[in-house]
There are 2 protein chains.
Amino acid sequence: MNIKLSDNDFRRAEIFKCLSDPNRLQLIRLLYKNKKEMSCTELGEHLNLTLSTVSYHFKALRLAGLTNTIKDGRTKYVSLRYETFAKFLPGFLETLLID
Amino acid sequence: MNIKLSDNDFRRAEIFKCLSDPNRLQLIRLLYKNKKEMSCTELGEHLNLTLSTVSYHFKALRLAGLTNTIKDGRTKYVSLRYETFAKFLPGFLETLLID
DNA sequence: ACCATACTTTTATGAATATCAAACTATCAG
DNA sequence: CTGATAGTTTGATATTCATAAAAGTATGGT
């Protein structure tokens, strides 16, 4: 009677683990509201976190496939990866605007 | 520059924490596929978990508002609370059927 | 070459989590 | 009342997690 977990289920678990941290959820909301890339420093200033902690969170988001990162000089810009949200959490991002 | 978290954000964090565990995700899927209430024992047999562990997970799901529980004699039947999914994760349950 | 900026990684630490066994509560059947 | 069934709670344990300080990497400015 054992049910095996699919690759997508592990993917889902990783995604939800990312979203279960209030700080990461705020990062997602900021990125969604701003509709553009933001730097780590810029995002870190909105929460009361050191840069190393912000970097830790961004790594998690990136590995879960929730964000894209592009590098310009020494600055890294982070943006949402909408395909992932569309596939695993359709309609979720919109709910972040309600409150 | 500090952003305060709303009550709903704490609610979201709790919900996502629930869904970030692969076993709980399977419980949700089983409940969704069966379209009816199931008992703890019945659900526990599908995963390789002791009854106390299953009980622990169901408490988490109930506290997060993801499930309803009705008691009939000594058996407790658990079902999904669709309003919660509709409010915080519209469209999510359907994605569980794809794979 | 030197210093500052932007970010990452490592290390350490305290808090939270998942799990099971054992003890407990409640209900049913005889 | 006794024994069995369904589920909860408590206690112990091993693992994972979030955080920050410190050290490290890479790029830009002068």
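Residues numbered from 1 in each chain as written. Chains lettered and ligands numbered in written order. Predicted model: local features only at pLDDT ≥ 70, side-chain atom pairs only at ≥ 80, totals over all residues. Heavy atoms only, no water.

Draft legend 1. Representation of the packing of aromatic side chains. Applying the stated rule across the entire model yields 5 aromatic pairs over all chains. Plain terms: the ring middles of A:F16 and B:F16 are 5.7 Å apart, the flat faces sit at 25° to each other, and that makes the pair stacked. Here A:F16 is found in helix α1 (residues 7-19), whereas its partner B:F16 is found in helix α1 (residues 7-19) on a different chain. Taken as a pair, A:F16 and B:F16 share a single burial class, namely buried. Judged by centre distance (6.4 Å) and plane angle (15°), the ring pair of B:F85 and B:F92 falls under stacked. Here the two residues B:F85 and B:F92 agree in accessibility, since each one is buried. Each member of the aromatic cluster is reached from another via a ring pair, and the members are A:F16, A:F85, A:F92, B:F16, B:F85 and B:F92. (Phe/Tyr/Trp six-rings, centres within 6.5 Å; stacked < 30°, edge-to-face > 60°. Helix = DSSP H or I, 4+ residues; strand = E, 2+ residues; numbered from the N terminus. Buried < 20%, exposed > 50% of the residue type's maximum accessible area, 1.4 Å probe, protein only.)

Draft legend 2. Representation of the protein's contact with DNA strand D. A:R24, A:Y56, A:H57, B:T41 and B:S55 are the nearest of the 24 residues found near DNA strand D. When the atoms of DNA strand D within 4 Å of the protein are grouped by moiety, sugar and phosphate amount to 71% of the total. Take A:K17: an N or O atom from its side chain is 3.4 Å from a phosphate oxygen of DNA strand D. At 3.3 Å, a backbone N or O of B:C40 approaches a phosphate oxygen of DNA strand D. Residue assignment for the surface near DNA strand D shows that the elements contributing at least two residues are α2 (22-34) and α4 (51-63) of chain A together with α3 (40-46), α4 (51-63) and β3 (75-80) of chain B. Counting residues per element, the surface near DNA strand D draws most heavily on α4(B), at 5 residues. Here the residues of the surface near DNA strand D sort into 4 nonpolar, 11 polar and 9 charged. (Near = heavy atom within 4 Å. Polar contact = N/O pair within 3.5 Å; in protein donor to acceptor, adjacent residues only side chain to side chain. Nonpolar A, V, L, I, M, F, W, Y, C, P; charged D, E, K, R; others polar.)

Draft legend 3. Summary view of the relation of the copies chain A and chain B. The transformation that overlays chain A on chain B combines an axial shift of 0.0 Å with a rotation of 180°, and the residual RMSD is 0.1 Å. Classification of the inter-copy transformation places it as that of a two-fold axis. Within chain A, the C-alpha atom positioned nearest to the axis of rotation is that of A:F16, 2.5 Å from it. (Least-squares fit on C-alpha atoms with pLDDT ≥ 70 in both.)

Draft legend 4. The arrangement of the protein's contact with DNA strand C in detail. Around DNA strand C, the surrounding shell holds 24 residues, and the nearest of these are A:T41, A:S55, B:R24, B:Y56 and B:H57. Within 4 Å of the protein, the contacting atoms of DNA strand C are drawn from sugar and phosphate to the extent of 71%. In this structure, B:S52 approaches DNA strand C through a side-chain N or O atom, which is 3.5 Å from a base nitrogen. For the surface near DNA strand C, the secondary-structure elements that each account for two or more residues are α3 (40-46), α4 and β3 (75-80) of chain A together with α2 (22-34) and α4 of chain B. Of the residues that constitute the surface near DNA strand C, the class distribution is 4 nonpolar, 12 polar and 8 charged.

Draft legend 5. How the structure looks around the sheet that holds strand β1 (residues 38-39) of chain B. Residue and element names in this part refer to chain B. Strand order across the open sheet formed by 3 strands is β1-β3-β2, with antiparallel pairing between neighbours. Among the strands making up the open sheet, the edge pair consists of β1 and β2 (67-72). Pairing analysis gives 2 bridges linking β1 to β3, with the strands arranged antiparallel. Across the sheet, the residue bridging to S39 is Y77, located in β3. The strands touched by α2 are β1, β2 and β3; relative to β3, the strand with the most contacts, the crossing angle is about 85°. (Pairing = 2+ DSSP bridges. Contact = heavy atoms within 4.5 Å. Axes fitted to C-alpha atoms, helices over the stretch in contact; angles between N-to-C directions.)

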